Amino acid sequence: MRKMKDSGIEWIGKIPYDWEVKKLKYLCKNITDGSHFSPETQFDGKPYITVTDVYDDAIHYESASKISERDFDILEKNGCKPPIHSVLLAKDGTVGRTAIVEYNDYVVLSSLGILNPDGNKVYYAFLKRLLDSQFLQEQMKLAMAGSALRRITITKINKLITIVPPLLEQKKIADFLDEKCGEIDSIRSDIQKQIDILNDYKKSVITEAVTKGLDPKVKLKDSGIEWIGKIPEHWEVKPLWALTECYGRIGFRGYTAEDLVDEGEGAITLSPTNINEGKLTLEKCSYISWEKYYESPEIMVKENDVLLVKTASVGKCVIYTSSEPATVNPQFVVFKKCKCLNKFLYYNILSDFIQKQLKLSSMGSVIPTLSQKVILSYKIPTPPLFEQKSIAGYLDEKCSEIEIGIAEKQKQLETLDEYKKSLIFEYVTGKKEVPA
């Protein structure tokens, strides 16, 4: 049993006697961030890494945006190229994700912190595990500012409290956690593949039902649309503009943070974050004043309206199932006054052929966006109303069965994530000792 001492930090408690408590800035040669201006992106060139390119403990530079050699050279001279074995830390938006720089022929945006460790004080792989640990992650959450885009500043990153063992022990801990976390990540990857297979199966079930119907013996005809193929002989193909009306908010129409009110004092304003795993959630909603709500009656969301995300996370779709007064932010369009069954329209939007069109039609290299005119031009197979009801009922039941399977797999992932968090916490705080 090794000798312990009080860390002086309430939420940490005791730590090994020869470990130290230090602010993060004392472990690094330098803590900075990337470029504070966004150079023009182009089809080919040098990688330009943003916070969206750092996930799953890795830097995905192969799929990152590209910039010219000239802009790259300027940013490199300005310190935006991270040193090998530095650690990138997401500091804007999804704060807290980390990755070690093993290859560095790229520059980074200001949404990422660059932590260059002092090798005489901290082992780079241990630094990453420190940042991943629950007690550092919680400190970052408490230090975040901003209502729309949550972020943590370099000044606050410097002040984060860390616990530092001797260098040789740091390496032992980092190597042990790399091995154990690698095993967890491998299991996690297998479960995620199973979830992906179930999601693909769900999409294929939906696509088959909304294009072929439920009668396997029905006579088929050519739909005249390549990506739809054959449809039942008695069905029609109609553009969305003939089946529904589509409304969206153009800009914010004077809507600012000053228009936000407390829950119960205004109407819900929905954002894409309210759609999780294909379900509508009304947690952590913003609310706008009744005055602003009534300014745009065409986008007052009513029960059973179909909502589609047309910006950024294009293709997310949900039926509004609440009776609570609501409106949408500019990332949504709302389908109203449907001449087909709302649920049938919803399933068509989730089908493979519509989702592919949504992605192909999106404009903008940085933030993909769809126009309402383009959305309304999409054509869908349209059966008689009684068949629409049968198809929607069948898909409700079938998709529910698949979603139960997905939910069980998601719980397994959550359990693994919690285990990984506790494992990292216990070893980087000295609660457990690496086996000899």
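Calculation criteria
- Residues numbered from 1 in each chain as written.
- Predicted model: local features only at pLDDT ≥ 70, side-chain atom pairs only at ≥ 80, totals over all residues.
- Heavy atoms only, no water.
- Helix = DSSP H or I, 4+ residues; strand = E, 2+ residues; numbered from the N terminus.
- Buried < 20%, exposed > 50% of the residue type's maximum accessible area, 1.4 Å probe, protein only.
- Contact = heavy atoms within 4.5 Å.
- Areas by Shrake-Rupley, 256 points an atom, 1.4 Å probe, with all protein chains shown as cover.
- Lys, Arg positive; Asp, Glu negative; His and termini not counted.
- Charge placed at Lys NZ, Arg CZ, Asp CG, Glu CD.
- Core = buried A, V, L, I, M, F, W, Y, C linked by side-chain atoms within 4.5 Å.
- Pairing = 2+ DSSP bridges.
- Axes fitted to C-alpha atoms, helices over the stretch in contact; angles between N-to-C directions.
- 1 Å grid on protein atoms, 1.4 Å probe; cavity = no way out; pocket = protein on both sides within 12 Å on 5 of 7 lines; lining within 4 Å.
- Points joined across faces, edges and corners; volume = space filled by probe spheres on them.
- Nonpolar A, V, L, I, M, F, W, Y, C, P; charged D, E, K, R; others polar.
- Patch = residues over 30% accessible without salt bridge, like charges linked within 9 Å, V, L, I, M, F, W, Y side chains within 5 Å.
- Salt bridge = Lys/Arg side-chain N within 4 Å of Asp/Glu carboxyl O.

Asks: Help me understand the overall build of the chain in this model?
Replies: Counting its regular elements, the chain contains 10 helices and 26 strands. Here the C-alpha coordinates of the chain stretch approximately 80 × 50 × 45 Å along the principal axes. Taken over 436 residues, the chain has a buried fraction of 48%. Partitioning the contacts of the chain with sequence separation of at least 6, the portion at a separation of at least 24 is 71%. Surface exposure of the chain reaches about 22,700 Å², of which carbon and sulfur atoms provide 53%. On the chain, the mean spot of the 60 positive side-chain charges and the mean spot of the 62 negative ones are 1 Å from each other.

Asks: Is there a simple way to explain the nonpolar core in this structure?
Replies: A general feature of soluble globular proteins is that nonpolar side chains tend to end up buried together. Judged by nonpolar contacts, the single largest core of 86 residues is most densely connected at Leu24, Leu115 and Phe335. Those residues in contact with Leu24 that sit more than four places away from it in its chain are Ile31, Leu115, Leu127, Leu131, Ile157, Asn158, Leu160 and Thr162. One finds Ile275, Tyr287, Phe332 and Val334 within the second-largest nonpolar core, a separate group that totals 16 residues.

Asks: Looking at this structure, I do not really get the pairing of strand E22 (residues 306-309). What am I missing?
Replies: Consecutive residues of a regular strand have side chains that alternate between opposite faces of the sheet. Alternating residues of E22 divide into Val306 and Leu308 and Leu307 and Val309, and every residue in both groups is buried. Examined bridge by bridge, E22 and strand E23 (residues 317-319) share 3 bridges and lie antiparallel to one another. Residue pairing for E23: Val306 is matched across the bridge by Ile319. Sheet topology note: the E22/strand E25 (residues 332-336) ladder contains 4 bridges and is antiparallel. Across the sheet, the residue bridging to Leu307 is Val334, located in E25.

Asks: Sorry, what's going on with the sheet that holds strand E21 (residues 286-289) here?
Replies: Hydrogen bonds along the backbone pair up the strands of a sheet, which may run parallel or antiparallel. Pairing is mixed across the open sheet formed by 3 strands, whose spatial order is E21-E18-E24. Edge strands, defined here as strands with exactly one partner in the open sheet, are E21 and strand E24 (326-328). With direction set aside, neighbouring strand axes in the sheet form an average angle of 45°. As defined by bridge partners, strand E18 (residues 266-270) adjoins E21 across 4 bridges and the pair is classed as antiparallel. Among the inter-strand pairings, Thr269 is bridged to a residue of E21, identified as Ser286.

Asks: What am I meant to see in helix H7 (residues 342-350) here?
Replies: Burial analysis of H7 places 7 of its 9 residues in the buried class, which makes it a mostly covered element. Buried within H7 are the following residues: Phe344, Leu345, Tyr346, Tyr347, Asn348, Ile349 and Leu350.

Asks: What am I meant to see in the layout of surface pockets here?
Replies: Empty space among the atoms becomes apparent when a probe as large as a water molecule is rolled across them. In this structure, the second largest pocket spans a volume of roughly 760 Å³. Around the second largest pocket, the lining is made up of 27 residues, and of these Asn199, Lys202, Glu277, Gly278 and Leu350 lie nearest the centre. Counting only elements with at least two residues in the lining of the second largest pocket, the list comes to helix H5 (167-212), strand E19 (275-276), H7, helix H8 (352-361) and helix H10 (385-428). Counting residues per element, the lining of the second largest pocket draws most heavily on H5, at 8 residues. Taken together, the residues of the lining of the second largest pocket break down into 10 nonpolar, 8 polar and 9 charged.

Asks: Teacher, can you tell me more about a negative patch on the surface here?
Replies: Taken together, the side chains of Asp262, Glu263, Glu265 and Glu324 make up a negatively charged region of the molecular surface. For Glu265, a relative accessible area of 47% gives the class partly exposed.

Asks: Is there a simple way to explain unusual backbone geometry in this structure?
Replies: Only a minority of non-glycine residues have a phi that is not negative, and only a minority of peptide bonds are not trans. If you check the backbone angles, Asn304 has positive phi at about 80° while not being a glycine. Relative to the assigned elements, Asn304 resides in the loop between helix H6 (290-295) and E22. Relative accessible area serves as the criterion here: at 44%, Asn304 is assigned to the partly exposed category. Residue Lys337 is not a glycine yet carries a positive backbone phi of 50°.

Asks: Sorry, what's going on with the pattern of salt bridges here?
Replies: Opposite charge on two side chains permits them to pair, given that their charged atoms come into close proximity. Using the criterion set out here, one finds 28 salt bridges in the structure. One salt bridge connects Asp105 with Lys46, and the closest N-O pair in it is separated by 2.9 Å. On the criterion of sequence distance, the pair formed by Asp105 in the loop between strand E10 (98-100) and strand E11 (107-108) and Lys46 in strand E5 (residues 46-49) is long-range, its members being 59 residues apart. Since its relative accessible area comes to 25%, Asp105 is described here as partly exposed. The buried category is assigned to Lys46, whose relative accessible area is 16%. Note that Lys128 is salt-bridged to Asp132, the shortest N-O span being 2.9 Å. Of this pair, Lys128 and Asp132 both sit in helix H2 (residues 124-132), 4 residues apart, which is roughly one turn of that helix. Among the charged side chains, a salt-bridge network with shared partners connects Asp57, Lys128, Arg129, Asp132, Asp178, Asp185 and Lys420.

Asks: Is there a simple way to explain the sheet that holds E10 in this structure?
Replies: Strand order in this open sheet of 4 strands is E4-E12-E9-E10, and the pairing throughout is antiparallel. Edge positions in the sheet fall to strand E4 (28-33) and E10, since each of these pairs with one other strand and no more. When strand polarity is set aside, the average angle formed by the axes of neighbouring strands in this sheet is 20°. As judged from the 3 bridges shared by strand E9 (residues 87-90) and E10, these two strands associate in the antiparallel manner.

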